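Letter by letter, the chains look like this.
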Amino acid sequence: MKLVDVVRQPRFVQMVKIAGIYALLSALWIVYSDRFLASMNLPVDLLHQLQTRKGLLFITLSSLLIAWLVYRALRVQEHLIERLLASRKQLQQAGVFYEATNEGLLILDRHRRVSSMNPAGEQILGVHEKEYLGRRIPVLINNDQSPAYYREIFRQLLKQQSWQGRLVQKRHGDGYCHLWVTIKLIHEGDMSRYLVVLSDISQLEESHTRLQRLVNYDPLTDLPNRSLVSMQLENAMIRASRWQTKIGVLLLDLDSFKTLNDSLGHQAGDELLLTAARRLQTHWGDTSLLARLGGDEFLLVYEGLQNDKELYTRAAEVLEVIKNPFTLASGQQIWLTASIGTSIYPSDAATAEELVRNADAALYRAKDMGRNTYASYTSELTQKAQTYLNTEHRLRRALDQEELRVYYQPLLDLKTGRCKGVEALVRWQDPELGMIPPLDFIPHAEQSGLIGLLGEWVLKRSLQDFMQWKSQGIELESVAVNISPRQFTESGLVERIAGILQDYAFPPASLELEITETALISRGDQADEYLQELKNLGVKLAIDDFGTGYSSLAYLKRLPIDKLKIDRSFVQDLPGDTTGGEIVAAVIAMGKAMHLEVLAEGIENQEQQEFLAAQECMSGQGYWFSRPLPAKELLAWIQARGA
């Protein structure tokens, strides 16, 4: 260090000041003490004695001062040593964490050059630290994004000091990995650094991809299944509406397949289904959408039809192709025929569900006609409209005259059997028709706009009953109330729920709102913000019928949800259904990874309960425990179980 730098240091300046003060005080002591003694006119011997004692006193005071200064310096040094040892220990601990953590850690300088990379970072990126130290390298190049995307990341870092997101990284060598990346901008005096944390979520992404494949594709034929084709059909209907064209649907069923399956065995039956699927795909895979709905039912969707005759011509062609013999691996030849039901958008249906349902009705008509033929859907539209209007009128009357009822189905802990809560389910006690199930009037409520009033009525009654049970000593964790897709798109829903909670003095944490994946998709990019507004009320949020929609893992990850409810369609054939079991296990594992409670719907026997409990599914509901009950009967049910 240069002398000029030493002189400029604050400690050096302070030392010079102390030395100067000591020198001044010493000079004053010597001068004025001598003058004082001289002014007293003392004898020479006494004067010499006093001067000697004065010198000894000065030496004593100086020694005490020096001792105090040395003691103080030693204490400061000891304190500094303790701080250095503590800092060293912290640095050692940080170093151990830096080296041992499974998260990749990179430190970049202000020019975004690599200063340090831990072993986990080397393993995740497939690079070596020494190869890239001091180099500004593209270690965070998402193969799905442009360079402008990364410039925007660092612009955001300068504004908000941090960034989080998902990147797909090309490993050094081969392959790709999915990363969840967190970047922090750290200021150290005049210096700035970037701390980059890399979490490898490749296995989670692969599990999600496999799960999506299982959910959306038939495992035998690898064709789209009912849920995926419904989504694709809805999109096709949007295009047809825009271009003023028609969509034709052929629902095909192999005649007498059950008899062949029982006689030849399931392996031969599966081979026959796979061969039929490949034959249909070969002839019409490029010109139509082909799906397997289940069993021996296949769906073909044709877009861009100009008239109905085109669809009937293709139905006849499909029948001829199916008539050709099928040769199994054993060499055995099988002759089959098929029955086909047709329906056309927009003349026969307004929704994808209706279009398939009407084709199914036409299929049964073809079977009644002797099979090996096709039949088209016909409907008296006036009668259908009248039925719809009549239902809407009676539903309005039901709301006004208290004809609706709320039934409750218990939600149980699958390990202990304890009743944790209940789900509120609406029923309609019509004075003329008796008890009407929800599927017969909820769609009408959705279409007519009555679902908002209906949903609020159910919510108020549910909170009222819950508080009544609580006053009677029944302590449940929560009551679950469904929010329909139409409600979820209505403005003011959050404010209305907040008002109802306040009116009933209801604890928000005891209310669980169930929302389907379809409802989430209907809100688009606003869904997460809207859910957060609901979450801010203090309520719990659950995704109902999970697995039947098509939300992505990255989409779910950012939603403030508490629970996933596995749809009953995946539970109903457990434990014998291998594919269903794999889907359920994957959903449960995904829920655990995301720290979400997982509940299985539609449990109907002990085997299903035991299978789900073995998979560590936390909660369940279904007829195996109890069917939905009126409030009074539920109270008696809980008291009888001692839950």
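To be clear, the structure that these remarks concern was listed above.
This is a predicted model, so every value here is computed, not measured.

*Asks:* Explanation requested: the overall build of the chain in the structure shown.
*Replies:* If you tally the helices and strands in the chain, you get 24 helices and 21 strands. The contacts of the chain with a sequence gap of at least 6 include a subset with a gap of at least 24, amounting to 62%. Element-wise, carbon and sulfur atoms account for 54% of the exposed surface of the chain, whose accessible area totals about 35400 Å².

*Asks:* Could you clarify how one ought to interpret the packing of aromatic side chains in this entry?
*Replies:* Remark: the centre distance and the inter-plane angle together describe each pair of aromatic rings, the angle taken between the planes. A complete count under the given rule lists five aromatic pairs for this structure. Relative to Phe506, the ring of Phe466 lies with its centre 5.2 Å away and its plane at 65°, an arrangement referred to as edge-to-face. With a gap of 40 residues between them, Phe466 in helix H15 (residues 451-471) and Phe506 in the loop between helix H17 (493-503) and strand E17 (511-516) connect regions that are remote in the sequence. Of the two residues, Phe466 and Phe506, neither departs from the other in class, the shared state being buried. Lying across the ring of Phe326, Arg279 places its NZ or CZ 3.7 Å from the centre.

*Asks:* What is the right way to read H17 from this model?
*Replies:* At 3.6 residues per turn, the α-helix brings residues three or four places apart onto the same side. Those residues of H17 not exposed but buried are Leu493, Val494, Ile497, Ile500 and Leu501. Mapping the buried residues of H17 onto a view down its axis gives an arc of 130°, with all of them on the same face. Set apart from the buried face of H17 by more than 90 degrees, the exposed residues are Glu495, Gln502 and Asp503. Of the surrounding elements, those touching the buried residues of H17 are H15, strand E16 (478-483), helix H16 (485-489), E17 and helix H19 (527-535). Just downstream of H17, Ala505 is the residue with a positive phi angle, here 50°.

*Asks:* Help me understand the packing of helix H7 (residues 202-216) against helix H22 (residues 578-593) in this model?
*Replies:* How two helices sit against one another is set out by the angle between their axes and by the gap between those axes. Two numbers describe how H7 lies on H22: the axes approach to 10 Å, and their chain directions differ by 145°. Crossing handedness for the pair H7 and H22: left-handed. From H7, Leu204, His208, Leu211, Leu214 and Val215 reach across to H22, where they touch Thr579, Glu582, Ile583, Ala586, Val587, Met590 and Ala593.

*Asks:* I keep staring at the packing of helix H10 (residues 266-284) against helix H11 (residues 308-323) and nothing clicks. Help me out?
*Replies:* Between H10 and H11, the least distance of the axes is 11 Å, while the angle of their chain directions is 135°. One finds that H10 runs oblique with respect to H11. The handedness of the crossing between H10 and H11 comes out as right-handed. On H11, the residues touching Arg279, Leu280, His283 and Trp284 of H10 are Glu317, Val318, Val321 and Ile322. Looking at the contact of H10 with H11 residue by residue, the classes come out as five nonpolar, one polar and two charged.

*Asks:* What is the right way to read the sheet that holds strand E12 (residues 374-376) from this model?
*Replies:* Whenever strands of a sheet pair, they do so through backbone hydrogen bonds, lying parallel or antiparallel. One open sheet holds the five strands; their spatial order is E7-E8-E6-E11-E12, and the pairing between them is mixed. Of all the strands in the sheet, just strand E7 (289-294) and E12 have a single pairing partner and so form its edges. Strand-to-strand twist in this sheet, taken as the mean axis angle between neighbours without regard to direction, amounts to 20°. In this structure, strand E6 (residues 246-254) lies alongside strand E11 (residues 338-345), joined through eight bridges in antiparallel fashion. Paired with Val249 across the strands is Ser343, a residue of E11.

*Asks:* Any chance you could explain the pairing of E6 here in plain terms?
*Replies:* Two faces make up the sheet, and in a regular strand the side chains alternate between them. Of all nine residues in E6, eight are buried, a share of seventy percent or more. By the bridge criterion, seven bridges tie E6 to strand E8 (residues 297-305) in an arrangement that is antiparallel. The residue of E8 that forms the bridge with Leu250 is Leu300.

*Asks:* How should the pattern of salt bridges be read in this particular structure?
*Replies:* Side-chain pairs of opposite charge can arise whenever the charged atoms involved come near each other. Counted under the stated rule, the structure contains 21 salt bridges. For Asp430, the salt bridge is made with Arg397, and the minimal N-O distance between the two is 3.1 Å. Here Asp430 is found in strand E14 (residues 419-430), whereas its partner Arg397 is found in helix H13 (residues 381-400), with 33 residues between them in sequence. Members of the salt-bridge network, linked through shared partners, are Arg394, Arg397, Glu403 and Asp430.

*Asks:* Looking at this structure, I do not really get unusual backbone geometry. What am I missing?
*Replies:* Where the residue is not glycine, phi is negative for most of them; where a peptide bond is considered, it is trans in most cases. Going from Tyr345 to Pro346, the amide bond is cis rather than trans, its omega being 10°. Within the fold, Pro346 resides in the loop between E11 and helix H12 (352-368). Of the consecutive residues Leu574 and Pro575, the connecting peptide bond is found in the cis state with omega at 0°. Turning to its location among the elements, Pro575 is positioned in the loop between helix H21 (568-571) and H22. Positioned with a positive phi, Gln244 is a non-glycine residue whose angle comes to about 55°. Mapped onto the secondary structure, Gln244 falls in the loop between helix H8 (226-243) and E6. Even without being a glycine, Glu402 presents a positive backbone phi close to 55°. Relative to the assigned elements, Glu402 resides in the loop between H13 and strand E13 (404-413).

Definitions and cut-offs
- Residues numbered from 1 in each chain as written.
- Predicted model: local features only at pLDDT ≥ 70, side-chain atom pairs only at ≥ 80, totals over all residues.
- Heavy atoms only, no water.
- Helix = DSSP H or I, 4+ residues; strand = E, 2+ residues; numbered from the N terminus.
- Contact = heavy atoms within 4.5 Å.
- Areas by Shrake-Rupley, 256 points an atom, 1.4 Å probe, with all protein chains shown as cover.
- Phe/Tyr/Trp six-rings, centres within 6.5 Å; stacked < 30°, edge-to-face > 60°.
- Buried < 20%, exposed > 50% of the residue type's maximum accessible area, 1.4 Å probe, protein only.
- Lys NZ or Arg CZ within 6 Å of the ring centre and 35° of its normal.
- Arc of directions from axis to C-beta.
- Axes fitted to C-alpha atoms, helices over the stretch in contact; angles between N-to-C directions.
- Left-handed = near helix turned anticlockwise from the far one by under 90°.
- Parallel < 35°, antiparallel > 145°, perpendicular 65-115°, else oblique.
- Nonpolar A, V, L, I, M, F, W, Y, C, P; charged D, E, K, R; others polar.
- Pairing = 2+ DSSP bridges.
- Salt bridge = Lys/Arg side-chain N within 4 Å of Asp/Glu carboxyl O.

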